[in-house]
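These are the residues of each chain, in order.
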Amino acid sequence: MVRNDKSRSTGMNLRDAALKVRLNAYAPYSGFKVGAVVKSGSGAVFSGVNVENAAYPEGTCAEAGAIAAMIAAGETKVTEVYVVADAPRPVPPCGGCRQKLSEFAVGDVPVTLATTEGTEYHTTVADLLPGAFVTADMERA
């Protein structure tokens, strides 16, 4: 579902946080700055940005940074995600970040992907990664 609507109260707060942190992204090689925020089970909001380095493409994604900040603070449950980039369309997380999100969020957790101009795409963690590999997959019968 794509819409250009900034009226969602929770989304607006997460959007503001993602837009603000995006400015701190370190993207000297691609110039593609991404900001991500995750809301935890306690309601706290954790931010992350993409960080590139000279061994491009060995860098860190914004979603991974936000999750790492949440884990470093002692929390392990994601309840909402907001990702923003200056792109023509809302861009989805990479495959690795989709797996990371599925590790800390149940399938129906809302994910908003947005452009800096305000277009939003609303989805869920399960829709981003159907058939996710989960801990139970490592158990033997």
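Residues numbered from 1 in each chain as written. Predicted model: local features only at pLDDT ≥ 70, side-chain atom pairs only at ≥ 80, totals over all residues. Heavy atoms only, no water.

**Let's talk about the environment of Ala73**
Part 1 of the argument: You can see Ala73 is positioned in the loop between helix 2 (62-72) and strand 4 (78-85).
Part 2 of the argument: The spatial distance from the C-alpha of Ala73 to the C-alpha of Phe46 is 9.0 Å, given a sequence separation of 27 residues. (Helix = DSSP H or I, 4+ residues; strand = E, 2+ residues; numbered from the N terminus.)

**With respect to the pairing of strand 6 (residues 120-124)**
Residues in a regular strand point their side chains to alternate faces of the sheet.
Part 1 of the argument: Here 5 bridges tie strand 5 (residues 110-115) to strand 6, and the two strands are oriented antiparallel to one another. Counterpart to Leu113 in the pairing with strand 6 is Tyr121.
Part 2 of the argument: The hairpin turn running from strand 5 into strand 6, its antiparallel successor, is 4 residues long, and Gly118 in that turn takes a positive phi close to 110°. (Pairing = 2+ DSSP bridges.)

**As for the packing of aromatic side chains**
Part 1 of the argument: All chains considered together, the criterion is met by 1 aromatic pair.
Part 2 of the argument: Measuring from ring centre to ring centre gives 6.3 Å for Tyr29 and Tyr56, while their planes differ by 45°; the resulting arrangement is tilted. Of the two residues, Tyr29 sits in the loop between helix 1 (9-22) and strand 2 (34-40) while Tyr56 sits in the loop between strand 3 (45-49) and helix 2, which places them 27 residues apart along the sequence.
Part 3 of the argument: Among the residues examined, Tyr29 registers a relative accessible area of 45% and is labelled partly exposed. (Phe/Tyr/Trp six-rings, centres within 6.5 Å; stacked < 30°, edge-to-face > 60°. Buried < 20%, exposed > 50% of the residue type's maximum accessible area, 1.4 Å probe, protein only.)

**Regarding the pairing of strand 2**
Part 1 of the argument: Of all the 7 residues making up strand 2, 6 are buried; the element is thus mostly covered by neighbouring parts of the structure.
Part 2 of the argument: Bridge analysis of strand 2 against strand 4 gives 7 bridges, and the strand direction is antiparallel. Counted as the bridge partner of Val34 is Ala85 from strand 4.
Part 3 of the argument: The sheet contact formed by strand 2 and strand 3 spans 5 bridges and is antiparallel. Opposite Val38, over in strand 3, you have Phe46 as the bridge partner.

**With respect to the nonpolar core**
Burial of nonpolar side chains together is a common tendency in soluble globular proteins.
Part 1 of the argument: Among the nonpolar cores identified, the biggest contains 19 residues, and Val38, Val78, Val81, Val83 and Val111 are the most heavily contacted of them.
Part 2 of the argument: Elements supplying a minimum of two residues to this core: strand 2, helix 2, strand 4, strand 5 and helix 4 (125-128).
Part 3 of the argument: Once you skip the residues sitting within four places of it in the chain, Val78 turns out to touch Val38, Lys39, Met70, Phe104, Ala105 and Val109.
Part 4 of the argument: The next biggest cluster of nonpolar side chains, apart from the first, holds 6 residues, and it includes Ala18, Tyr82, Val84 and Ala114. (Core = buried A, V, L, I, M, F, W, Y, C linked by side-chain atoms within 4.5 Å. Contact = heavy atoms within 4.5 Å.)

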